[in-house]
Amino acid sequence: MFPGIEPLNPLLLPAQKLTLGCPVLDRLLRGGLPVGSVTEIAGESAAGKTQLCLQLLLAALLPPSRGGLSAASLFIHSEFPFPIRRLHALSSSSSAADPLGHIFVAAAHSPDDLLSLLATADGLLARPPTHLPVRLIVVDSIAALFRSDFDNNPKDLKKRSFLFFKIAAKLKEQARRFGSVAVVTNQVVDVVGSEEGANGQRVGNYASLWSSGRRVCPALGLSWANCVNTRLFLSRKDEIADDAGSSRTRRWMQVVFAPHLPEASCEFVIVREGVSGIEPQRVAGR
Amino acid sequence: MSETSRFRSLEGGHGALKGAQTAWDMLSEEQMQKHITTGCEELDAILGGGIHCKEVTEVGGVPGIGKTQLGIQLAVNVQIPVECGGLGGKAIYIDTEGSFMVERAHQIAEGCISDLLDNTAHRLKDFPACPEILQPNSFLANIFYFRICSYTEQIATINYLEKFLEEQKDVKIIVVDSITFHFRQDFDDLALRTRVLGGMSLKLMRFAKKYSLAVVLLNQVTTKFVEGSFHLTLALGDTWSHACTNRIILYWNGNDRHAYIDKSPSLRSATAPFLITGKVYEVTRVI
């Protein structure tokens, strides 16, 4: 059944990374997102998760010499509508020929939808329709798939948990088999009460995560947290910029946990050209 | 006496050399006392020297607490040369989740080597092979890595180890990272799952004893709804708990990482703090 079981020398493991399209953010992540691995990007609405994903779709098309994978991508979305206009605007500065022709988009409305799409994706990965292999799979977002189907009782939570592990195992198997990068975005929920509840259990480098002045944690609980290799958290904070009362939005990316990265964070902005990290400077506070 | 009958006398202890043992017996007895250092003095102390060979140790904790870091650290530390007080052995690393990152293993190997050069320089000066062996890439090459993508692959791999260990006598640790990930999906037949897990744990215990090696099983934690509230427990705890000789739980104590011995036949319950630094597991400074 497994005729090929044989140990591997770790030095032969693929060590490629996919650039985030920004050298400052790449430095935070020591090169970018690793292949053969599942990276989660968690954050509240409008934190920049989808923006970052669109940027990754285009980055995948770049050659390895520029941090890309010379590859096409599959974008599975459960949030609607798909931001086609923003993608089109970003693609105009892509150096690849016909970027939009190498990005495959599919919609998922339920966990079963996602599982059957991933099963179909095996064919896409094994026999790519264009001359480029598919080496990036994005699911945006995992949380939206589980919003309505499940209640908060132990039995449903158990059923939900089974699906997390099935989905994660599939994504990891594909990432390993095809040397691809898997990215999953996730929403956040408010953390209320003490650290005792299932929601308050500390996971990762930070005792608490904050966004827009609220204490939050990535959705789908401890179960789902066990399913991803790397967890990144995007946060935002609206600040009064000066005495005139004008406000601006500040944003951060934090490494919550990763097998290869220490605790670290980086401020970033979202501009017309995309998501861009801000070089850290020695400033007082924060 | 012929050559063969003399050899048999030595083995069975019969005849003229009763009570003698073979050199293999002596070596394995010596290895009975061996431990693999975790790289953290305080953690080693509460473990009675380190991770024990001939035993199965489970290490559990939440994501990001440092289970994989400890697993890789042990796969490196098992290779510390005998001249420096280590086992000079090799490692098997069974990666079921894709957490093993070569760049991190390389850092950890570098850290271990630089510690050896700093602390045991006096022992190494008479050790001529030193420069070739004390290279991060040599350490990585001594880790037999398996990547598992399903529970059936996991079973097949552990079965494969039966023969592999017969041929690779240098292996002194098997790390499974993590043991339960592929068993946390829905199983149509829960009895099958229990049988499979039971069979796997028996095999691993047998490997530990037969080949005098350490088996380290990294495990996830889950929340169990008991009497109206959620409690943290190790994944598949009920089906698995009997299989391990020792259990270590890694957890957050405020902003610090701690480890405590949850189960052990010989050690009393104790806690130790640890740090994950750029290179190794380290003990925190005691204030």
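Right, let's walk through the structure included here. Predicted model only: the values in this text are computed from it and were never measured.

Reading the values: rules and limits
Sequence positions are assigned chain by chain, starting from 1 and proceeding in written order. Each chain is given a letter, starting from A, and each ligand a number, starting from 1, according to the order in which they appear as written. The predicted nature of this model means local features are confined to residues of pLDDT at least 70 and side-chain atom pairs, given and counted, to a pLDDT of 80 or more, with totals for whole chains, interfaces and linings taken over all residues. Remark: hydrogens and water are excluded; side-chain values derive from all non-hydrogen atoms of the structure. A run of H or I in DSSP counts as a helix once it spans at least four residues, and a run of E counts as a strand once it spans at least two, with each numbered from the N terminus. Buried residues are those whose accessible area, probed at 1.4 Å on protein chains only, stays under 20% of the maximum for their type, while exposed residues exceed 50% and partly exposed ones sit between those limits. A 1.4 Å probe and the Shrake-Rupley method give the accessible areas. Residues count as covered only by the protein chains that appear here. A pocket, in this scheme, is an open set of points on a 1 Å grid over the protein atoms alone with protein on both sides within 12 Å along at least 5 of 7 lines, while a cavity is a set where a 1.4 Å probe fits but cannot get out; residues line either one if an atom lies within 4 Å of a point. Grid points are joined across faces, edges and corners, and a volume is the space filled by probe spheres set on the points. The pairing test for Phe, Tyr and Trp rings, Trp by its six-membered ring, is centres within 6.5 Å, and the orientation test on the planes gives stacked under 30 degrees, edge-to-face over 60, and tilted for anything in between. Comment: the charge-over-ring label is applied if NZ (Lys) or CZ (Arg) is within 6 Å of the ring centre and within 35 degrees of the ring normal. The contact criterion used is simple: two residues touch if any of their non-hydrogen atoms lie within 4.5 Å. What counts as buried area is the accessible surface, traced by a 1.4 Å probe, that two parts surrender upon association, with contributions from both included. Under the rule applied, a polar contact is a pair of N or O atoms within 3.5 Å (in protein, one hydrogen donor and one hydrogen acceptor; residues adjacent in sequence only if both atoms are side-chain atoms). Any Lys or Arg side-chain nitrogen located within 4 Å of an Asp or Glu carboxyl oxygen qualifies as a salt bridge. Orientation is described by lines fitted to C-alpha atoms, with helices fitted over the stretch in contact, and by angles between N-to-C directions that extend from 0 to 180 degrees. Geometric relationships in this document are graded by angle, where less than 35 degrees denotes roughly parallel, more than 145 denotes roughly antiparallel, 65 to 115 denotes roughly perpendicular, and other angles denote oblique. Two helices crossing with the near one rotated counterclockwise from the far one by less than a right angle form a left-handed crossing, whereas a clockwise rotation gives a right-handed crossing. Only strands that DSSP links by at least two bridges are regarded as paired with each other.

What about the overall build of chain B?
A tally of regular secondary structure across chain B gives 11 helices and 13 strands. Out of the 287 residues in chain B, the part that is buried amounts to 52%. Here chain B has roughly 12900 Å² of accessible surface; of this, 54% comes from carbon and sulfur atoms.

A look at the layout of surface pockets
In this structure, the second largest pocket occupies an estimated 700 Å³ of space. Taken together, 39 residues make up the lining of the second largest pocket; nearest its centre are A:Ala258, B:Gly64, B:Gln69, B:Arg257 and B:Ile276. Within the residue set of the lining of the second largest pocket, elements represented by two or more residues are β12 (247-257) of chain A together with α4 (67-77), α5 (102-119), β11 (256-263) and β12 (271-276) of chain B.

Here we look at the packing of aromatic side chains
Two measures describe an aromatic ring pair: the distance that separates the ring centres and the angle between the ring planes. For the coordinates displayed, the defined rule picks out 15 aromatic pairs over all chains. Here the aromatic rings of B:Phe146 and B:Tyr160 are separated by 5.9 Å at their centres, their planes lie at 65°, and the arrangement is edge-to-face. In this pair, B:Phe146 sits in strand β5 (residues 143-147) while B:Tyr160 sits in helix α9 (residues 151-167), placing the two residues 14 residues apart along the sequence. Cation over ring: A:Lys172 sits above B:Phe181, and NZ or CZ is 4.5 Å from the ring centre.

Some words on unusual backbone geometry
Most peptide bonds are trans, and most residues other than glycine sit at a negative phi. Following A:Phe80, the chain continues to A:Pro81 via a peptide bond in cis, the omega torsion being -5°. Looking at the element boundaries, A:Pro81 is found in the loop between β4 (72-77) and α3 (84-91). Put simply, B:Asp177 and B:Ser178 share a cis peptide bond, and its omega is -5°. Assignment of secondary structure puts B:Ser178 in the loop between β6 (171-177) and α10 (190-210). The phi dihedral of A:Arg30 is positive, around 55°, even though this residue is not glycine. The class of A:Arg30 is partly exposed, set by a relative accessible area of 39%. Backbone geometry at B:Ser212 places phi at a positive 50°, although glycine is not the residue there.

What about the side chain of B:Glu97?
By secondary structure assignment, the location of B:Glu97 is in the loop between β4 (90-95) and α5. Here B:Glu97 falls in the buried class, since its relative accessible area comes to 7%. Filtering out sequence-adjacent residues up to four positions away, B:Glu97 remains in contact with A:Lys172, A:Asn226, A:Asn229, B:Arg147, B:Asp177, B:Ser178, B:Phe181 and B:Gln220.

Focus: α4(B)
Counting buried residues in α4(B) gives 11 out of 11 residues, a clear majority hidden from the surface. Within the sequence span of α4(B), burial applies to B:Lys67, B:Thr68, B:Gln69, B:Leu70, B:Gly71, B:Ile72, B:Gln73, B:Leu74, B:Ala75, B:Val76 and B:Asn77.

What to know about the interface of chain A and chain B
With 41 residues of chain A at the contact, the number on the chain B side is 45 residues. For the pair chain A and chain B, the summed buried area comes to about 3800 Å², and 65% of that belongs to carbon and sulfur atoms. Applying the counting rule to chain A against chain B returns 10 residue pairs in polar contact (both at pLDDT 80 or more). Of all the elements in the fold, those that place two or more residues in the side of chain A that touches chain B are α5 (154-178) and α6 (221-225) of chain A.

Brief notes about the pattern of salt bridges
Following the criterion strictly, the structure yields 22 salt bridges over all chains and no others. A salt bridge links B:Glu97 to A:Lys172; the shortest N-O distance between them is 3.8 Å. With B:Glu97 in the loop between β4 and α5 and A:Lys172 in helix α5, this residue pair bridges two chains. Where A:Glu273 meets A:Arg272, a salt bridge forms, and the shortest distance between an N and an O atom there is 3.2 Å. Here the two residues A:Glu273 and A:Arg272 agree in accessibility, since each one is exposed. A single network of salt bridges, built from pairs that share partners, joins A:Lys237, A:Glu239, A:Arg248, A:Arg250 and A:Glu267.

Structural notes on the packing of helix α2 (residues 49-59) of chain A against α3(A)
If you want to describe how two helices pack, look at the angle between their axes and the distance between the axes. Residue and element names in this part refer to chain A. Running from amino to carboxyl end, α2 crosses α3 at an angle of 45°, the nearest separation of the two axes being 10 Å. By the angle class used here, α2 and α3 are oblique. Between α2 and α3 the crossing geometry is right-handed. Residues Gln-51, Leu-54, Leu-57 and Leu-58 of α2 touch α3, and the partners they reach there are Arg-86, Leu-87, Leu-90 and Ser-91.

Some remarks on the sheet that holds strand β6 (residues 134-140) of chain A
All names here are of chain A. One open sheet accounts for 9 strands, arranged β5-β4-β6-β7-β3-β11-β12-β13-β14; its pairing is mixed. In this open sheet, the two edge strands, each paired with only one partner strand, are β5 (103-107) and β14 (274-277). If you compare each strand with its neighbour and ignore which way they point, the axes differ by 25° on average. Where strand β13 (residues 265-271) and β14 come together, 4 bridges link them in antiparallel fashion. Note that in β14 the partner of Phe-268 across the bridge is Gly-277.

Some details on the pairing of strand β10 (residues 246-253) of chain B
Residues and elements named next belong to chain B. For β10, the tally of buried residues reaches 6 of 8 residues, placing the bulk of the element in the interior. Of the pairings in the sheet, the one linking strand β3 (residues 56-60) to β10 comprises 4 bridges and is parallel in character. If you follow Val-59 over to β10, its bridge partner there is Ile-248. Of the pairings in the sheet, the one linking β10 to β11 comprises 7 bridges and is antiparallel in character. Residue pairing across strands places Tyr-251 opposite His-258, the latter belonging to β11. As consecutive antiparallel partners, β10 and β11 are separated by 2 residues, and within that stretch Gly-254 has a phi angle of approximately 65°, a positive value.

Keep in mind these numbers describe shape, not what the thing actually does.
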